[in-house]
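Architecture and fold: a report
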Amino acid sequence: MSVTEVIVSIFLLIGAFFSLLGALGLIRLPDVYNRAHAAGKSSTFGVIFLILATFLFFLFTGEFNAKLLLAILFVFLTAPLSSLMVSRSAHRTDVPLYDKSIRDDLQETHKKKEKKQQKET
Amino acid sequence: MMAFQILINITIAIIWMFLQNSYTASSFIVGYGIGILLLLFLRRFLAFDFYMKRVWSIFKLIILFIKELSLANIDMMKIVLGPKSNLKPGIIAMPTKLETEWQITLLACLISLTPGTISMDFSDDNEIIYIHAVNAGDKEEVIRNIQKNFEQTIMEATK
């Protein structure tokens with residue numbers, strides 16, 4: 001086994017581990033908001049390592065594939081957006097928080113807004 | 001201003017070459033044409049001044065970001081594998097001094113990919129970002145951390 005294979009394997013293992021962590025988080029964490037943490041962070045990290053491993057593999061065989069680096073950039077741009085949209089729409093459709101949640105500032109603002117609207121109408 | 005737009009244009013052309021995976025003059029020219037079209041459509045967003053002195057602070061922002069992302073995942077590992085009773089999740093309202101939409105978008109992205117926090121919603125006047133934190137026990141500290149780490153660096157990088 002050559003050195004390059006070892007390096008690529010390490011990257012693949014790290015990527016696989018964090019993807020697994022993301023999946024575990026989806027199952028173990030209590031509510032949709034906490035799950036968005038796991039889905040948004042661990043799987044991004046995992047995917048980035050998998051792409052890096054692919055990039056290194058082709059780099060060592062003598063091909064510089066910049067498409068893969070662009071893919072990393074796009075993962076960075078889209079992953080936070082998706083977790084934001086999921087948690088935001090969940091909150092707007094009144095998906096309940098985990099019962100041990102200790103504060104919900106957003107709920108208070110929503111209530112204030114609703115009161116205002118009621119007064120106006 | 002002129003020079004900056006030319007630079008953007010060349011960058012787009014190079015990205016186009018990468019996407020095509022063909023490093024020839026003809027694909028560069030096609031990419032340059034596409035760049036001209038993009039700049040034409042996006043010209044009202046391109047109201048910044050000169051950029052070279054900001055490259056360093058953007059570089060700093062990227063380094064900070066990679067560091068925070070790694071920390072975030074180690075943190076996440078502890079949360080996912082640890083017992084559930086340690087969780088104290090909550091939604092925090094964080095006031096922000098950043099003004100342009102571009103800065104706030106960047107801040108929201110950074111918050112989402114850093115330890116224990118994701119951005120959830122914005123107030124109508126863009127002055128408050130709502131954050132969901134896995135550990136919202138100390139509201140002040142969460143807010144202080146974000147403001148200290150990110151707001152200043154973003155301001156430097158996008159001034």
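Here is what the cut-offs are and how they apply
- Residues numbered from 1 in each chain as written.
- Chains lettered and ligands numbered in written order.
- Predicted model: local features only at pLDDT ≥ 70, side-chain atom pairs only at ≥ 80, totals over all residues.
- Heavy atoms only, no water.
- Helix = DSSP H or I, 4+ residues; strand = E, 2+ residues; numbered from the N terminus.
- Contact = heavy atoms within 4.5 Å.
- Areas by Shrake-Rupley, 256 points an atom, 1.4 Å probe, with all protein chains shown as cover.
- Buried < 20%, exposed > 50% of the residue type's maximum accessible area, 1.4 Å probe, protein only.
- Patch = residues over 30% accessible without salt bridge, like charges linked within 9 Å, V, L, I, M, F, W, Y side chains within 5 Å.
- Salt bridge = Lys/Arg side-chain N within 4 Å of Asp/Glu carboxyl O.
- Polar contact = N/O pair within 3.5 Å; in protein donor to acceptor, adjacent residues only side chain to side chain.
- Expected span 1.5 Å × (residues − 1).
- Phe/Tyr/Trp six-rings, centres within 6.5 Å; stacked < 30°, edge-to-face > 60°.

The next thing to look at is the overall build of chain A. When you go through chain A residue by residue, the secondary structure sums to four helices and one strand. Starting at the N terminus and ending at the C terminus, chain A contains elements arranged as α-α-α-β-α. Taking the contacts inside chain A whose residues are at least 6 apart along the sequence as the reference set, 62% of them involve residues at least 24 apart. Put simply, chain A shows about 7,200 Å² of open surface, and 68% of that area lies on carbon and sulfur atoms.

The next subject is the overall build of chain B. Along the backbone of chain B there are five helices and three strands. Listing the helices and strands of chain B from first to last along the sequence gives α-α-α-β-α-β-β-α. Taking all 159 residues of chain B together, the buried fraction comes to 42%. Excluding contacts between residues fewer than 6 apart, the proportion of contacts in chain B whose partners are at least 24 apart in sequence is 66%. Entry remark: accessible area of chain B is about 9,000 Å², with carbon and sulfur atoms responsible for 66%.

On the surface, Leu37, Leu38, Leu40, Phe41 and Leu42 of chain B cluster together to form a nonpolar patch covering roughly 500 Å² of accessible area. Phe41 of chain B sits in the exposed class, given a relative accessible area of 66%.

Right, let's get into the interface of chain A and chain B. Each partner contributes residues to the interface: chain A has 43 residues there, and chain B has 45 residues. For the pair chain A and chain B, the interface holds two salt bridges. Put simply, Arg88 of chain A and Asp121 of chain B hold a salt bridge, and the shortest N to O gap is 3.3 Å. Counting every contact that joins chain A to chain B gives four residue pairs in polar contact (both at pLDDT 80 or more). Those elements giving two or more residues to the side of chain A that touches chain B turn out to be α1 (3–28), α2 (32–60), α3 (66–92), β1 (103–104) and α4 (105–120) of chain A. No other element matches α3 of chain A, which puts eleven residues into the side of chain A that touches chain B.

In this section: the side chain of Ser87 of chain A. By the element assignment, Ser87 of chain A lies in helix α3. Ser87 of chain A has contacts with Tyr33 of chain A together with Ile118, Ser119 and Met120 of chain B, leaving out every residue within four places of it along the chain.

The next point concerns α1 of chain A. With 26 residues, α1 of chain A extends 37 Å from end C-alpha to end C-alpha; this agrees with the ideal 38 Å at 1.5 Å per step. When α1 of chain A is considered as a whole, its buried residues turn out to be Val8, Gly15, Phe18, Leu21, Gly22 and Gly25 of chain A.

A rise of 1.5 Å per residue sets the reference length of helix α4 (residues 101–112) of chain B, with its twelve residues, at 16 Å; its end C-alpha atoms lie 16 Å apart and thus fit the reference within 8%. Inspection of α4 of chain B places Gln103, Ile104, Leu107, Ala108, Cys109, Leu110, Ile111 and Ser112 of chain B among the buried residues, and these make up the whole buried set.

All names here are of chain A. Tallied over the entire structure, the rule returns seven aromatic pairs over all chains. Ring centres of Phe11 and Phe49 lie 5.5 Å apart, and the angle between their planes is 45°; on these two criteria the pair is classed as tilted. Residue Phe11 is located in helix α1, and its partner Phe49 is located in helix α2; the two are separated by 38 residues in the primary sequence. Relative to Phe18, the ring of Phe17 has its centre 5.4 Å away and its plane inclined at 70°; by these criteria the two rings are edge-to-face. Grouped by ring-pair contacts, the aromatic residues Phe11, Phe17, Phe18, Phe45 and Phe49 constitute a single cluster.

On to the side chain of Lys41 of chain A, then. Within the secondary structure, Lys41 of chain A is located in helix α2. Given a relative accessible area of 0%, Lys41 of chain A falls into the buried group. Dropping the residues within four chain positions of it, Lys41 of chain A is found in contact with Ala72, Asn73, Met76, Ser112, Leu113, Thr114, Pro115, Gly116, Thr117 and Ile118 of chain B.

Inspection of every chain in the model, using the stated rule, returns two salt bridges over all chains. Notably, a salt bridge pairs Asp121 of chain B with Arg92 of chain A, separated by 3.0 Å at the nearest N-O pair. Within this pair, whereas Asp121 of chain B is found in strand β2 (residues 117–122), its partner Arg92 of chain A is found in helix α3, the two belonging to separate chains. For Asp121 of chain B, a relative accessible area of 3% puts it in the buried group. The exposure class assigned to Arg92 of chain A is partly exposed, which follows from its relative accessible area of 47%. The network of salt bridges with shared partners includes Arg88 and Arg92 of chain A together with Asp121 of chain B.

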